[in-house]
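Take a look at the letters that make up each chain.
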Amino acid sequence: MATEENPYTQHYFVQKGDTLSKIAREFYGDPMLYPKIFEANRDILKDPDRIKPGQKLRIP
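Report on the accompanying structure. None of the values given here were measured: they were computed from a predicted structure.

Along its length, the protein carries two helices and two strands. Here the C-alpha radius of gyration of the protein, 11 Å, is about what a compact globule of 60 residues would show, namely 10 Å. In terms of principal-axis extent, the alpha carbons of the protein reach across some 30 × 20 × 15 Å. A burial count over the protein gives 25% of its 60 residues as buried. Long-range pairs, those at least 24 residues apart, make up 48% of the contacts in the protein with a sequence separation of at least 6. A total accessible area of about 4600 Å² is found for the protein, and carbon and sulfur atoms account for 51% of it. Considering the protein, the positive charge centre built from 10 side chains and the negative charge centre built from 9 side chains are found 5 Å apart.

Listed below in structure tokens is the structure:
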């Protein structure tokens, strides 16, 4: 099943030591917006506290 990618969606490769809060702070300026990233990546993330280096995340 092909999913349409939003042309404005950015991608981010998880680095060692990253958290969704840290990524949210970098992209949105607010670490509390991490659920937005988690929801956009539900197909690859089961738990917002368990991300792995090298994962490619969609940043809506």
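For the rest of this paragraph, the subject is helix α1 (residues 20-28). Of the positions making up α1, those classed as buried are L20, I23 and A24. Seen along its axis, α1 keeps its buried residues to an arc of 100°; they face one direction. On its buried side, α1 packs onto β1 (10-13), α2 (34-40) and β2 (56-59). A positive phi of about 80° marks G29, the residue just after α1.

Calculation criteria
Residues numbered from 1 in each chain as written. Predicted model: local features only at pLDDT ≥ 70, side-chain atom pairs only at ≥ 80, totals over all residues. Heavy atoms only, no water. Helix = DSSP H or I, 4+ residues; strand = E, 2+ residues; numbered from the N terminus. Rg over C-alpha atoms; globule rule 2.2 N^0.38 Å. Buried < 20%, exposed > 50% of the residue type's maximum accessible area, 1.4 Å probe, protein only. Contact = heavy atoms within 4.5 Å. Areas by Shrake-Rupley, 256 points an atom, 1.4 Å probe, with all protein chains shown as cover. Lys, Arg positive; Asp, Glu negative; His and termini not counted. Charge placed at Lys NZ, Arg CZ, Asp CG, Glu CD. Arc of directions from axis to C-beta.

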